[in-house]
Amino acid sequence: MATARKTLATSRNNRGADFEIDRGRGVPRQVYDVLREKILTVQLKPGESINERWLADWLGVSRTPIREAINRLSANGLIAIIPNVGTSVSLINVARVREFNLIRTSLESMIVRTAAEKFDELADRLLRDLVERQIATLAAPDLIENITVDTEFHHAIARLSGLNATWAILQHAMDEILRVRHLSIRLLRPLREPIDEHMAIVEALRTKNPDLCEQAMKAHLGSSYLHIEGALRHHPDYLER
């Protein structure tokens, strides 16, 4: 439990106020969102203990919304609750990561093909602005913001395609992938590489050729998954056995 305390406390010190409950909005949802972010960005690492009492003190809430958030995160596979043992961040299931990557590649290939038909100057400017925002994250570097903008880039293409339900389905497969991406970006992958791949997707969209767009997207996601596999090999203690 000390490890989880140290992780969250360190994060709060590094990022100032970090998080403050807005009493004008639903508390359980806010608690869920902040804990989910800590898990997906690996500020709470796979296998770390979850201390309900400390979390309640840290967020300034009762233990009821903490418990509700933990139950939701458990249902989503991000927290493991083992009776008579304890509660901890779920270890990474390699088979699920591989399956979710197949789902992601299939759905994003369809999304980008559809987006190609609707690509225009407005979409071009939006995607180029997101690429510039991602480049700006390299200065610090700000790894969390880098992946946030990366996700926004893919979401922008989904919005352009109009396949909003497909994007919503895809999000259910992304949590496990996002955790490992946050590991891979810290350890292995040159930060400029995925940005260049994003630019290649934009260039393909400009042609409005769906085959070229799908090819660029698959090349990008394939490269990303190679680094994900490297991160999995680098962190065997984070994996389910």
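Residues numbered from 1 in each chain as written. Predicted model: local features only at pLDDT ≥ 70, side-chain atom pairs only at ≥ 80, totals over all residues. Heavy atoms only, no water.

**A short note on the overall build of the chain**
For the chain, the helix and strand inventory stands at 10 helices and 2 strands. Scaling as 2.2 N^0.38, a compact globule of 241 residues should have a C-alpha radius of gyration of about 18 Å, and the chain matches this with 19 Å. Counting only C-alpha atoms, the chain reaches 55 × 45 × 35 Å along its principal axes. For the chain, the separation between the mean place of its 33 positive charges and that of its 32 negative charges on side chains is 5 Å. (Helix = DSSP H or I, 4+ residues; strand = E, 2+ residues; numbered from the N terminus. Rg over C-alpha atoms; globule rule 2.2 N^0.38 Å. Lys, Arg positive; Asp, Glu negative; His and termini not counted. Charge placed at Lys NZ, Arg CZ, Asp CG, Glu CD.)

**Re the packing of aromatic side chains**
Here the structure, examined in full by the defined rule, presents 1 aromatic pair. Taking 5.9 Å as the distance between ring centres and 10° as the angle between the ring planes, the aromatic pair formed by Trp54 and Trp58 counts as stacked. Separated by 4 residues within a single helix, Trp54 and Trp58 lie in helix H3 (residues 52–59), roughly one turn from each other. Owing to a relative accessible area of 19%, Trp54 belongs among the buried residues under this scheme. Directly above the aromatic system of Tyr32 lies the positively charged group of Arg72, at a separation of 3.7 Å from the ring centroid. (Phe/Tyr/Trp six-rings, centres within 6.5 Å; stacked < 30°, edge-to-face > 60°. Buried < 20%, exposed > 50% of the residue type's maximum accessible area, 1.4 Å probe, protein only. Lys NZ or Arg CZ within 6 Å of the ring centre and 35° of its normal.)

**A short note on the nonpolar core**
With 70 residues, the main nonpolar core has Val31, Leu127, Ile157 and Leu205 as its most contacted residues. With 9 residues, the single largest contributor to this core is helix H8 (residues 164–187). Beyond its immediate chain neighbours, meaning those up to four positions away, Val31 contacts Ile21, Leu59, Val61, Pro65, Ile66 and Ala69. (Core = buried A, V, L, I, M, F, W, Y, C linked by side-chain atoms within 4.5 Å. Contact = heavy atoms within 4.5 Å.)

**Some remarks on H8**
Here H8 is 24 residues long and its end C-alpha atoms lie 33 Å apart, about the 34 Å a rise of 1.5 Å per residue gives. At Met174, H8 shows its maximal kink, close to 50°. (Expected span 1.5 Å × (residues − 1). Bend = angle between axes of the 7 residues up to and from the residue.)

**Notes on the pairing of strand S1 (residues 79–82)**
Consecutive side chains of a regular strand alternate in pointing toward one face of the sheet and then the other. Where S1 and strand S2 (residues 86–89) come together, 4 bridges link them in antiparallel fashion. Note on S2: the bridge partner recorded for Ala80 is Ser88. Hairpin connection between S1 and S2: a loop of 3 residues separates the two successive antiparallel strands, and Asn84 in this loop has a positive phi of roughly 65°. (Pairing = 2+ DSSP bridges.)

Geometric values such as these leave the question of function open.
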